[in-house]
Amino acid sequence: MNALLKRIEMIGAAVGRTPLVQITDSKLTLYAKLEYANPNGSTKDRSAYWILRQAIERGEITERTTVVESSSGNFATSLAAFCRSLGIRFVPVIDANCNALTEAFLRSCCERVEKITDPGADGFLLRRLARVAELRQEIADVYWPNQYANQDASDAHYRLTGGELSNSFSCIDYLFVGVGTGGTISGLSQRIKKDFPGVTVVAVDVEGSAALGGASGPRFIPGLGSSIVPPLVTTAVIDEVVQVSERETVRGCQELYADHGLFSGGSTGSVYAAIGRYFTEHPPPRGRRPTVVFLCADHGIPYAGTVYNPAWAERTLAPLAVAAV
């Protein structure tokens, strides 16, 4: 076994096996899987670990390789930490919506950080991907994880996250999953549908996202949504879709923290808000409490200056201010 493979296996020993907590709810038996308990604070640790491991096993990454990737935050954080442990270079391509704390972390452990400050006519994501394509031409011995289309990203959640959920429950009635790059909902939906054929998989997206085929528009909170339809999304098994506004995202984050003590990031707030809206519109039959599961995908700390800052929310999400928060 080569040195890189040994190191990535050591990293893998620390990833996953995250806690499940039951959340008090009057209608539901509701569980949150605390993915922010992963080493770098998000569920992206799973996909980053699995993608790197598979690439090392295939010989696509060696000690001389530079990894280059587009990310709004969490995936870049995971790759930066893991690549540093592996002793290989990583160049993240971020944009102006990246949280300040995330950017500071990336600059502390990466020799080079590429930041897109002007979305242009194409938007930040396409501009980031275009810069990745340029870097792949500039840098010798480069590896692009391509989290939007890499089957290993889906497999990570099929094998790891999905496997843990399947081993933890005898029944899951509803699974709510946020849609971003597509790897999480692809792998999770396939695994949970296989193990619990009666489950309803609800995909959660945000207004302004084109991830599920809608019109792309401005978005300010990283972690959920996309300006393209990621190829991995097309492999997901989705029963229903709930789209929330970023005002609901803020409200969901703050309610989850105030009522249950779970300090989570933007995508989690979106999913929590979607659960509330869904079961208001589709109340469970009297006397039946369905088992509902969702992921707390990342921690709230990087969002302290945005989602948890009323002044930022009012200023950034204006003129549709979050008066209800």
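Calculation criteria
- Residues numbered from 1 in each chain as written.
- Predicted model: local features only at pLDDT ≥ 70, side-chain atom pairs only at ≥ 80, totals over all residues.
- Heavy atoms only, no water.
- Domains from an automatic or database assignment.
- Contact = heavy atoms within 4.5 Å.
- Buried area = accessible area lost by both parts, 1.4 Å probe.
- Salt bridge = Lys/Arg side-chain N within 4 Å of Asp/Glu carboxyl O.
- Helix = DSSP H or I, 4+ residues; strand = E, 2+ residues; numbered from the N terminus.
- Polar contact = N/O pair within 3.5 Å; in protein donor to acceptor, adjacent residues only side chain to side chain.
- Core = buried A, V, L, I, M, F, W, Y, C linked by side-chain atoms within 4.5 Å.
- Buried < 20%, exposed > 50% of the residue type's maximum accessible area, 1.4 Å probe, protein only.
- Pairing = 2+ DSSP bridges.
- Axes fitted to C-alpha atoms, helices over the stretch in contact; angles between N-to-C directions.

### Remarks on the domain arrangement of the protein
Partitioning the protein into structural domains gives domain 1 (45-143) and domain 2 (157-315). Counting from both sides, the interface comprises 13 residues of domain 1 and, opposite them, 17 residues of domain 2. If you sort the residues of domain 1 by the area they bury against domain 2, Arg-46, Asn-97 and Asn-99 come out on top, with a joint share of 44%. Put simply, domain 1 and domain 2 have one salt bridge between them.

### What about the side chain of Glu-103?
Position of Glu-103 among the secondary structure elements: in helix H4 (residues 100-109). Among the polar contacts made by the side chain of Glu-103, one reaches the side chain of Lys-115 at a distance of 2.9 Å. Those residues in contact with Glu-103 that sit more than four places away from it in its chain are Ile-94, Cys-98 and Lys-115.

### Structural notes on the nonpolar core
If you look at the biggest cluster of nonpolar residues, it comprises 33 residues, and the most contacted ones within it are Ile-8, Leu-52, Ile-61, Val-67, Leu-86 and Phe-90. If you list the elements that add at least two residues to this core, you get helix H1 (3-12), helix H2 (44-57), helix H3 (74-86), strand S4 (89-95), H4 and helix H6 (151-168). Contact partners of Ile-8, with chain neighbours within four places excluded, come to Tyr-49, Leu-52, Arg-53, Ile-56 and Leu-86.

### Some thoughts on the sheet that holds strand S8 (residues 200-206)
Pairing between the strands of a sheet comes from backbone hydrogen bonds, and it takes one of two forms, parallel or antiparallel. Strands sit in the order S1-S2-S10-S7-S8-S9 across an open sheet of six strands; the sheet is mixed. Strands at the two margins of the open sheet, each flanked by one partner only, are strand S1 (20-23) and strand S9 (240-244). The sheet shows a mean angle of 25 degrees between the axes of neighbouring strands, direction not considered. Of the strand pairs in this sheet, S1 and strand S2 (residues 29-34) are connected by four bridges, and their pairing is antiparallel. Bridging from a neighbouring strand, Ile-23 pairs with Leu-30 of S2. Sheet strands in contact with helix H7 (residues 183-195) are strand S7 (174-178), S8 and strand S10 (291-296), and its direction is about 170 degrees off that of S7.

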